[in-house]
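# Reading the structure
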Number of protein chains: 2
Amino acid sequence: MTRYVYDFTDGNKDLKDLLGGKGANLAEMTLMGLPVPPGFTVTTEACRAYLRTGTMPAGLLTEVQHHLRLMQNRMGKTFGDAADPLLLSVRSGAKFSMPGMMETILDIGLNDASVVGLGRQSADQRFAWDSYRRLIQMFGKTVFDVPGEAFEEELTAARSIAGVATDPELGTTQLQDLVHAYKKVFHQHTGRDFPQAPHEQLFLAIAAVFRSWNAERAILYRRQERIPQDLGTAVNVMAMVFGNRGENSGTGVAFTRDPATGRHGVYGDYLRNAQGEDVVAGIRNAVPLAQLAAIDPASHRQLLSIMQRLEQRYRDLCDIEFTIENGRLWMLQTRVGKRTPAAAFVIAAQLVDEGRITLHEALQRVTGEQLAQLMFPSFDTTAAPPPLTTGVPASPGASVGAIVFDSAAAVAATEPVILVRRETNPDDLPGMIAAQGILTSRGGKTSHAAVVARGMGKTCVCGTEELRIDGDAVTVAGRTLHAGDIISIDGTTGNVYPGSVAVRPSAVVRYFEGELAAHGDPLLSAVERLMAHADHQARLDVHANADTAVDATRARRFGATGVGLCRTEHMFLGDRRRLVERLILAEDATARSEALQTLLPLQRADFEELFAAMDGLPVTVRLIDPPLHEFLPPLEELTARVAHAEALGVDPGHDRTLLTAVRRMHEQNPMLGLRGVRLGLVIPGLFAMQVRAIAQAAAARIAAGGDPQPEIMVPLVGAVQELETVRAEAESVLASVPGAPPIRLGTMIEVPRAALTAGQIAGVAEFFSFGTNDLTQMAWGFSRDDVEGAFFGRYLELGIFSVSPFESIDRDGVGELVRTAVRRGRAIRPDLTIGVCGEHGGDPASVRFFHDAGLDYVSCSPFRVPIARLEAGRAASAAAGSDSR
Amino acid sequence: MTRYVYDFTDGNKDLKDLLGGKGANLAEMTLMGLPVPPGFTVTTEACRAYLRTGTMPAGLLTEVQHHLRLMQNRMGKTFGDAADPLLLSVRSGAKFSMPGMMETILDIGLNDASVVGLGRQSADQRFAWDSYRRLIQMFGKTVFDVPGEAFEEELTAARSIAGVATDPELGTTQLQDLVHAYKKVFHQHTGRDFPQAPHEQLFLAIAAVFRSWNAERAILYRRQERIPQDLGTAVNVMAMVFGNRGENSGTGVAFTRDPATGRHGVYGDYLRNAQGEDVVAGIRNAVPLAQLAAIDPASHRQLLSIMQRLEQRYRDLCDIEFTIENGRLWMLQTRVGKRTPAAAFVIAAQLVDEGRITLHEALQRVTGEQLAQLMFPSFDTTAAPPPLTTGVPASPGASVGAIVFDSAAAVAATEPVILVRRETNPDDLPGMIAAQGILTSRGGKTSHAAVVARGMGKTCVCGTEELRIDGDAVTVAGRTLHAGDIISIDGTTGNVYPGSVAVRPSAVVRYFEGELAAHGDPLLSAVERLMAHADHQARLDVHANADTAVDATRARRFGATGVGLCRTEHMFLGDRRRLVERLILAEDATARSEALQTLLPLQRADFEELFAAMDGLPVTVRLIDPPLHEFLPPLEELTARVAHAEALGVDPGHDRTLLTAVRRMHEQNPMLGLRGVRLGLVIPGLFAMQVRAIAQAAAARIAAGGDPQPEIMVPLVGAVQELETVRAEAESVLASVPGAPPIRLGTMIEVPRAALTAGQIAGVAEFFSFGTNDLTQMAWGFSRDDVEGAFFGRYLELGIFSVSPFESIDRDGVGELVRTAVRRGRAIRPDLTIGVCGEHGGDPASVRFFHDAGLDYVSCSPFRVPIARLEAGRAASAAAGSDSR
């Protein structure tokens, strides 16, 4: 028969699937001989069985009773004993942490008889009756869905009758009355009396915790966090211990190292004569843990020794919760502790130095996200005033600017501004683009402002509920700010500061830029060491998306070993727009050819610079991609200008010519229009001009003693026949340029059909580069520009996305196309080079995916190159680590 | 060793892969003992070997010489004999017919000596010398790439010296001079003399035919026709026979039944004292074949008997080419003959009656395309004047209208018009939409006009080169027509008629409509019989796309067994637009809810009518799909209106409100924007209102004794979570409507991601319906509206498409998504119903694909229901046929 209950003495930390995280760690501590209150864990399997059938699985209750007897023996107390009752806590504990999502019931075992015994035994009647009323309240709400307000009303009435303002001021008699009132509420809502039988309380509580797995908010949370819905939760039943039994008692939390900086030494807080919830509620002031040495030296020594053993066992920073009951230390919880990004790097390196973990493991202890956070500039908080308020940190960064209250003002501003809005909507987009940062009073991480700002990489603090925005003023904490006043917002912490706070550039970035040495600085040394190991391990190369020599040079300093995407259309902007205009308006082949001839030397010069900057490294040049009408003024603008002129009887002149051209070229859906390879096949000479410029630039570099390694990439290919046609033209152009080196020709894989027919395409392409932005747009059928603000927030709320598929690759859909293309492409051409040059190339989770999918390189913006390098190393080392330990 | 040469006595009609179509049929006739001139076929395998290596495969020439000796024995003549030479024709013959694409060389074996012998032997010196000069010309061009103009110049000079206008007027001496001149041309361009050795001529000719497989035009043709490039061609070497040896000789072509109507009896033409090319060139008038009975009764009898045997052997209409040389009949070619659509049906039914073929086979002899052609209206040609001219039949149909010369005039016209243009471009789209038909003077089947017209299902004749369009007049055949003059154009034949020609509705359509009985009419009886068998065989059901009761009723008459797609947005047009406007402009939940409440009864009434029309059959209702701003005036129009008003200082009033709304909702790429299921998730109550209307309508029908079978279909789902959310809402609405029947809920599969994650989606969907239009748009990354005119013509020319992927499903790309979705969906839910409701559902080739992919039904426009039924039957019977014969 399946076993559903594990005593804490039966499990260990590796049984998280079965016992949940909390249960597994309690078992581990018990196994280590640490002073954990006795208890047992009801397994996730029992939960799943219960949720499937709606009844407790056969044998479960018998098992629970058996384990309860063991507890009683160990504690020398009896559950439900009227004189000195054993009380129990019943806590949920799933495999993955779901903070605040599920239920806890304390003080199980109290009833009309044992409350008296507890009062007597603890010599604290008030404590006993307060515990009892809390049990009825918690139990009523959790087990029988009694509305919380019903209890709250009685509590309010009790305070009012007693003439006090807070609950702690209620005396024993008043609490006894309150217990009476609560029992009436309980009866009214459930049609039965509050159960006096301790076993009934326990069984009902376990079942209620099981059911809480399927509470609506829990389901939603799991959808958002992509936690499987069918895991179920374990239930931990533990003997209650009390830190509020006098000055010899207390409760605390601690970390085995400093979670903020990673420095050595124990950190924590201790609160005398208090229970755990008092610490959390911040009712009284805690003291630094070191003071425990004076208060209770024996417990302090024991605690330090336990913490050392926990670190050894977990080989990582641990955090713990403990209680001292009458001088006796009890460990209530431990787990691998959270830490800041800087601490993560420093601790990982320390643990290697201490011989606790290998470099492989150290690499697994840090993430690209953490490195990314270390690369944002931050406020110099030592010089900052206290924050005005704190909102939801929705998009990281540190931005300073003058307040503006609407989009138009942001667009019109000449100085940096912060756009302050109740909430944003698509009308605010121009203002969001123009502003340094966005601050809203409503909405969370999935609000329009948050989603769009993250997409833009713009600082955003949202849901700052203390802000009162009223026309041209905003009030916060009694202070009123007006348009034009300077504020500073921190998208990493959510802090909002008055005035201009000094921005500190990231030390890590300065290190990558070569401006700071790592030696002597614990963080930079740790980064240096882990990056070196990552580079050594990585199987993925990291290239950069760079269109200019300046960008390429920076990327090289950041460790890029090639340019994976040079967008040639960026070479058509600025002054050169008028040349493109000539190309578009060309009425015959001669005019078109002349326009192309004028562009040729300009492109050639751009390429020469770029090849020089990346001398010796591959540079993948993408032929022009966007629709040509993007180089003309927008249709709406021209329409209004011409209509205005005509209404006034003025000749619109060149505007009319342009309007005609723009109308002719207008597309309902430019994203799905005449662009990419289609342009090259429809506009004679366009691709040939670009290929010639690349070949001539390479020839010139070789003549100058350089080592250019250009590659030509064709965008938006959907059918092998397109690529065949372009290849034939390109080869004949390349053959005609004296001194040009051999140049590889490949294609973007950014149209689903290209991925599906990758076998055919690989017959003609020497390399693939996934354009995951377009691939995402087409696989999902939405364009980033159009929908990010329109419904992504709603989708994140509904759990349809856990993260925007433009931020992190959608493994099931887009990922399936990537895997298919890799498999089919390599089947035909085993030495096919495969990379990715979409924005996902710099996203940590996506880099891992690309490693797993077998790509050769990722290419990302220069700034994200170190992040990709770290993740590439982590991905490779995740496998290697298990071999080499 | 591989055998490369097959004597005509060695092969048979089933060896087309190896011997090509022509060679296999010649072998079959030889096998039947018919009088085929002796000869042999060099295999496609030899061609492939030659093209791979550039040299003749080992042993080939020895084999050829061996077979040549056999021929000489049979003919009693010797190749290269100076007195009575055996002459040879060398013709290409691939597996698939490639008319005009590849090479033929006649009269191989003539040289300076044998030309004299031939002249003497035939008693026709002129004939001999003319043959010789033709050989040099053909051989020079084909084998040595001598430019054709070089020979043409000499021919022109010869005519000029002789003072004659045409080649036949050149006499023997002049032809002898011409041979001399041709030989000089040959030497100049090749640096060698014209080869006198007959064997050398033969081997070089065979190699040249091999090489012609890879001629540029042949490659392009195969790309366009999707014929594999690696098949190679066979080469047929046959003894020359001559129909121009006097009045006892002649040549002819014949059909074993009337290829126009299918009527019994032999049809053909005979031309005395002529060679085959004379018939083709139409130099002299042929006589009906029946007259051969008087001219040469023996040959006529023999021919009739042969034709009967061929029909028996091929069990189908055959066409033949024959030559009579001095009273001796020679069969030069046969094949299963081409026929009109009407003849195809009639003949197939006849052959069943005659016991020649089974009904299964008969079904394979007709196609949906043919049925489609029979369903177009046509001109009553008995009442029509002679056509003014004939162009390329680019998009079928028969249209009558007044000439207009530009798009604006077409749009402004109140009477039916024909848009007449040199060629069209995207600016002409509004005019093309407004016109009945399009007539152009330039461009072929892949021109802008042709591609767009086919996409619209609009009549189009293009490339009518005799038209001279000049401002407001068009001249043709000496006649000038002006704007406003009526013309009639036939997109099926390419004919252009002056004035209004009576349009005859299709008899087949009238039969389907129940207006004509089949009995007594050979065509309608054949259609009735084959359709009945198709329905009996079909595994695919055929549903119709119908939004109204009128459409649904028609679809039912045409044989639809359900509505596969009811587009609810069509219920929001017309007067109801203002209700949608209210919904869009609603500023709060109350206003929105009121707007929805007003729409509810209107939708309910629509559904009731529809369910009544389809009583007892499934009706799949798609929830609203298009972006809501489609119901507002276009942005450009509003912009101009507001700018105009403002320039004049007038208040634009409501226009400004609308403009603000349209701007807010404006999308760069509406196809990739807020539509489909996204609307339902973002606009509270919208889907619920529609679901309620469906449920209430169904309940009302049941109350009235009806049998409604509605299904609810959610559009544009990309992720299972979207569908889960909609399903939860729909189920709660359905549960709240008293008397509503159980209603199945499923999804469109029209986003690539839905196909890729079909396994997940099938967990929540009871049916799938492929939206292949969107699936095509997203798989290829182009929208039909934007690109069909912009580059499809160019793509068809380049062979990137052989047909627009919007007309016929792209099997490699979109098809792969369909197969994937079917496989993954059924793996999770084996009884998943799967259909298609994109326009491909009515395309014959696509129906076959959907059958093969294992779908349950196709849904198409009512008009195409019979076509889909026929193809569904053919698809099923193709497999069944091979079992049951």
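Sequence order as written defines residue numbering, which begins from 1 separately in each chain. All chains are assigned letters beginning with A, and all ligands numbers beginning with 1, in the order in which they are written. Whole-chain, interface and lining totals are the exception, using all residues; otherwise, since this is a predicted model, local features are given only for residues with pLDDT of at least 70 and side-chain atom pairs are given and counted only at 80 or more. As a convention, hydrogens and water are excluded, and side-chain values are obtained from all of the structure's heavy atoms.

An unreviewed UniProt entry annotates chain A as Pyruvate, phosphate dikinase of Micromonospora vinacea. UniProt positions are given in the numbering used here, feature names are shortened, and annotations may be inferred rather than shown by experiment. On record in UniProt, under Cofactor (unreviewed entry), the comment for chain A is "Mg(2+)".

Take the overall build of chain A next. Helix and strand assignments follow DSSP, with helices taken as H or I runs no shorter than four residues and strands as E runs no shorter than two, numbered in order from the N terminus. Check the secondary structure of chain A and you find 35 helices and 33 strands. Oriented by its inertia axes, the alpha-carbon framework of chain A measures out at about 105 × 70 × 55 Å. Sorting the 885 residues of chain A into buried and exposed places 56% on the buried side. Note on definitions: a residue-residue contact is assigned when non-hydrogen atoms from the two residues lie within 4.5 Å. A separation of at least 24 residues holds for 68% of the contacts in chain A among residues at least 6 apart in sequence. In this description, accessible areas are obtained by the Shrake-Rupley approach with a 1.4 Å probe, and a residue is regarded as covered only by the protein chains that are shown. Surface accessibility of chain A: about 34,300 Å² in total, with carbon and sulfur atoms responsible for 50%. One finds the centroid of the 87 positive side-chain charges in chain A at a distance of 5 Å from the centroid of its 104 negative side-chain charges. Working definition: with a 1.4 Å probe on protein chains only, accessible area under 20% of the residue-type maximum means buried, over 50% means exposed, and in between means partly exposed. The charge count includes Lys and Arg as positive and Asp and Glu as negative, but it does not include His or the ends of the chains. Here the site of a charge means atom NZ of a Lys, CZ of an Arg, CG of an Asp or CD of a Glu.

A separate point is the side chain of Asp547(A). Residues and elements named next belong to chain A. You can see aspartate 547 is positioned in the loop between strand 26 (541-545) and helix 21 (549-557). Of the polar contacts made by the side chain of aspartate 547, one reaches the backbone nitrogen of arginine 567; its length is 2.9 Å. The contact partners of aspartate 547, leaving out residues within four places of it in the chain, are Leu565, Cys566, Arg567, His570 and Met571. Think of a polar contact as two N or O atoms within 3.5 Å of one another; within protein, one of them needs to be a possible hydrogen donor and the other a possible acceptor, and neighboring residues in sequence only count if both atoms come from side chains.

Attention now moves to the UniProt feature "domain: PEP-utilising enzyme mobile" (unreviewed entry) in chain A. With numbering matched to this structure, UniProt assigns "domain: PEP-utilising enzyme mobile" (unreviewed entry) to residues 415-494 of chain A. Between the C-alpha atoms that bound residues 415-494 of chain A the distance is 23 Å, and the span itself is 19% helix and 36% strand.

Turning our attention to the pattern of salt bridges. The salt bridge criterion pairs a side-chain nitrogen of Lys or Arg with a carboxyl oxygen of Asp or Glu, the two atoms within 4 Å. Enumeration over the complete set of coordinates arrives at 101 salt bridges over all chains. In this structure, Glu731(A) engages Arg727(A) in a salt bridge whose closest nitrogen and oxygen atoms are separated by 2.7 Å. Of this pair, Glu731(A) and Arg727(A) are both found in helix 28 (residues 720-735), 4 residues apart, which corresponds to roughly one turn of the helix. The partner of Arg133(B) in a salt bridge is Asp130(B), with the nearest N and O atoms 3.0 Å apart. Residue Arg133(B) and its partner Asp130(B) are both found in helix 5 (residues 125-144); the two are separated by 3 residues, about one turn of the helix. Judged by its relative accessible area of 5%, Arg133(B) falls in the buried class. Through salt bridges with shared partners, one network takes in Arg257(A), Glu311(A), Glu354(A) and Arg356(A).

Attention shifts here to the interface of chain B and chain A. The partner chain A presents 60 residues to the 60 residues of chain B that form the contact. Between chain B and chain A, roughly 5,100 Å² of surface is buried when both sides are summed, and carbon and sulfur atoms account for 58% of that area. Interface area lost by chain B to chain A is led by Glu636(B), Leu672(B) and Arg753(B), which between them contribute 12%. For the interface between chain B and chain A, the tally reads 6 salt bridges. Buried area: the sum, over both parts, of the accessible surface (1.4 Å probe) that disappears when the two are put together.

Before going further, it helps to examine the side chain of Thr620(A). Residue and element names in this part refer to chain A. In this structure, threonine 620 sits in strand 28 (residues 618-622). A polar contact of 3.3 Å, which involves the side chain of threonine 620, links it to the side chain of glutamate 711. Sequence-distant contacts of threonine 620, that is, excluding residues within four places in its chain, are made with Val563, Gly564, Leu565, Cys566, Glu711, Met713, Phe767 and Tyr857.

Residues and elements named next belong to chain A. Their axes nearest at 7 Å, the elements helix 4 (residues 114-122) and helix 5 (residues 125-144) cross at an angle of 145°. Relative to helix 5, helix 4 is oriented so that their crossing is right-handed. Packed against helix 4, whose contacting residues are Val115, Val116, Leu118, Gly119, Arg120 and Ser122, the element helix 5 presents Gln125, Phe127, Ala128, Trp129 and Tyr132 at the interface. Residue composition of the contact of helix 4 with helix 5, by class: 7 nonpolar, 3 polar and 1 charged. Axis definition: a line fitted to C-alpha atoms, limited for helices to the stretch in contact. Angles are taken between N-to-C directions and run from 0 to 180 degrees. Take the far helix as your reference; a near helix turned counterclockwise from it by less than a right angle gives a left-handed crossing, and one turned clockwise gives a right-handed crossing. By the convention adopted, Pro, Cys, Tyr, Trp, Phe, Met, Ile, Leu, Val and Ala count as nonpolar, Lys, Arg, Asp and Glu as charged, and the other residues, Gly among them, as polar.

Our focus in this paragraph is the relation of the copies chain B and chain A. Least-squares superposition aligns the copies on the C-alpha atoms of those residues with pLDDT at or above 70 in both. If you rotate chain B by 180° and push it 0.0 Å along the axis, it lands on chain A with an RMSD of 0.2 Å. Each copy turns onto its partner about a two-fold axis. Taking C-alpha positions as reference, the residue of chain B nearest the rotation axis is Asn669(B), located at 2.1 Å. Both copies present the same face, since 100% of the interface residues in chain B are matched by interface residues at the equivalent positions in chain A.

In this section: the packing of aromatic side chains. To describe a pair of aromatic rings, you give the distance between the ring centres and the angle between the ring planes. Each aromatic pair joins two rings of Phe, Tyr and Trp (for Trp, the six-membered one) with centres within 6.5 Å, and gets the label stacked for planes under 30 degrees apart, edge-to-face for over 60, and tilted for any other angle. In total, this model carries 54 aromatic pairs over all chains according to the counting rule given. The interplanar angle of 15° and the centroid separation of 6.0 Å between the aromatic rings of Phe607(A) and Phe611(A) together place this pair among those described as stacked. Placement of the pair is Phe607(A) and Phe611(A) together in helix 23 (residues 589-613), with a separation of 4 residues, close to one helical turn. Across this residue pair, the class does not change: Phe607(A) and Phe611(A) are buried. Seen in terms of ring centroids, Phe512(B) and Phe558(B) are 5.9 Å apart; in terms of plane orientation they differ by 45°. Their pairing is tilted. A residue pair is termed long-range when its members are at least 10 positions apart, and Phe512(B) in helix 19 (residues 507-512) and Phe558(B) in the loop between helix 21 (549-557) and strand 27 (563-567) qualify at 46 residues. With a relative accessible area of 0%, Phe558(B) lands in the buried category.

As a further point, take helix 15 (residues 368-375) of chain B. At 3.6 residues per turn, the α-helix brings residues three or four places apart onto the same side. Among the 8 residues in helix 15 of chain B, 6 count as buried, and that is most of the element. Every buried residue belonging to helix 15 of chain B is among Gly368(B), Gln370(B), Leu371(B), Ala372(B), Leu374(B) and Met375(B), and all of these are buried.

With numbering matched to this structure, UniProt assigns "domain: Pyruvate phosphate dikinase AMP/ATP-binding" (unreviewed entry) to residues 17-54, 62-285 and 295-344 of chain A. This span, residues 17-54 of chain A, is 66% helix and 11% strand, and a straight line between its end C-alpha atoms measures 21 Å.

On to unusual backbone geometry, then. Residues and elements named next belong to chain A. Phi at asparagine 273 takes a positive value of approximately 45°, unusual for a residue other than glycine. Although it is not a glycine, leucine 716 sits at a positive phi angle of roughly 65°. Tracing the chain through its elements places leucine 716 in the loop between strand 29 (709-714) and helix 28.

Residue and element names in this part refer to chain B. In spatial order, the strands read 14-24-23-16-17-18-19-15; together these 8 strands make up an open sheet with mixed pairing. Lying at the two open borders of the sheet, with one neighbouring strand each, are strand 14 (389-390) and strand 15 (392-395). Here, any two strands with at least 2 DSSP bridges between them count as paired. Pairing of strand 17 (residues 417-421) with strand 18 (residues 437-440) involves 4 bridges; the strand directions are parallel. When the sheet's bridge partners are listed, isoleucine 418 is paired in strand 18 with glycine 437.

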